[in-house]
Amino acid sequence: MWQMKLINKLKQTKFAALLKKTIIYDVHKKNQRRRRAVRLSGNKSLSKGLVMDKVDVVITTKCNLLCDGCSHLMPYYKNPSHLDKDRVIASMGKLAEAADWFDHFNILGGEPFLHPDLKYIIEEIPTEKSRLVQVLTNALIIPSDPELFDVMRRKDVHVVISPYPSNEKTRERLVAVLEKEHVAWNYYDRPWTDYGEPRDYHRSPRECKRQFFQCDEVCKNLLDGKLYYCFRCAHISDLGICQHRKGEAVDLLKNTTAQNRKQIRRLMRRHKPLAACRYCLMGTEQNGYISRGK
Ligand code: SF4
């Protein structure tokens, strides 16, 4: 707490601009974001529990767009596939046993509506521990399964529609269907962040440290039974571009609940850059915004 008081005091002095260039300030900002998740949950007792800001659960690497600049690197999968539903459900269960609260619990791909078992996966989302549950789609597929609509209504799932140049017509149809079925939806219309090509940018350890603290990516990524620090680390490891190191992911399916809880807590408080940071532009001066894909 003394660090916060010192930072707040320094902010009011002529050193304010200088302060913003230090690592202490970056760490302070990162901690502020973590505390925000507890505030948003409205449950103060959770401040001692294990609260996760955002979790993305990847259920497929198949996508019907494959845009240039896809930060989740879908075009790099030579043999994209749907993840096994039982494995996805088991890993969501292990995660829910270990954590106390999720601010955002997101289902995504690729394109999640391509997965034939989406309704069974949604059925097992730990909604009782989540403030907001979302399915992110590119709106090129219009679902028609009444059981899928039923489970989305019961679980209070929000369908988040990303507007792309190619889905102008279908997204209106999707919105009409969701309205008719009383499923909540909204648009996600921000420009894309440029995470860069997944190649080694040859940064020094010092540059990587600085980059890590400036990176404001807070989403943890659940991919094939493992919880990764961020989605970039998850897909770079999964594609075999650069293997993650010990402590950069939690093997949920192999561990006991107590081990998972301990390791997730460590992952959330991580203060060292990841192996994947060298393959990413986030948190650097080169990182900016790009226009949406196809
Ligand atoms: S790889 Fe590093 S810089 Fe890139 S999003 Fe993850 S934590 Fe941030």
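None of these values were measured; they are calculated from a predicted model. (Residues numbered from 1 in each chain as written. Predicted model: local features only at pLDDT ≥ 70, side-chain atom pairs only at ≥ 80, totals over all residues.)

(A) Representation of the sheet that holds strand β3 (residues 130-137). Sheet architecture is open: eight strands sit in the order β5-β4-β3-β2-β1-β7-β8-β9, paired in mixed fashion. Looking at which strands have only one partner, the edges of the open sheet turn out to be β5 (184-187) and β9 (249-251). Strand-to-strand twist in this sheet, taken as the mean axis angle between neighbours without regard to direction, amounts to 25°. Here five bridges tie strand β2 (residues 101-108) to β3, and the two strands are oriented parallel to one another. In the sheet register, phenylalanine 105 faces β3, and the bridge partner there is valine 133. (Pairing = 2+ DSSP bridges. Helix = DSSP H or I, 4+ residues; strand = E, 2+ residues; numbered from the N terminus. Axes fitted to C-alpha atoms, helices over the stretch in contact; angles between N-to-C directions.)

(B) Molecular detail of unusual backbone geometry. For the bond from glycine 109 to glycine 110, the omega torsion is 25°, close enough to zero to count as cis. Considering the arrangement of structural elements, one finds glycine 110 in the loop between β2 and α5 (118-123). One non-glycine residue, leucine 66, lies in positive phi territory at about 55°. Inspection of the secondary structure puts leucine 66 in the loop between β1 (51-58) and α4 (85-98). A positive phi angle, near 60°, is found at leucine 73, a position not held by glycine. Positionally, leucine 73 belongs in the loop between β1 and α4.

(C) Quick look at the pairing of β2. The buried fraction of β2 amounts to six of the eight residues, a majority that puts the element mostly inside the structure. Strand direction decides the pairing type here: β1 and β2, joined by seven bridges, are parallel. Across the sheet, residue lysine 54 finds its bridge partner in β2, namely histidine 104. Taken together, β1, α4 and β2 form a β-α-β motif whose crossover is right-handed. (Buried ≥ 20, exposed ≤ 12 C-beta atoms within 10 Å, placed from the backbone. Right-handed = clockwise from strand over helix to strand, strands pointing away.)

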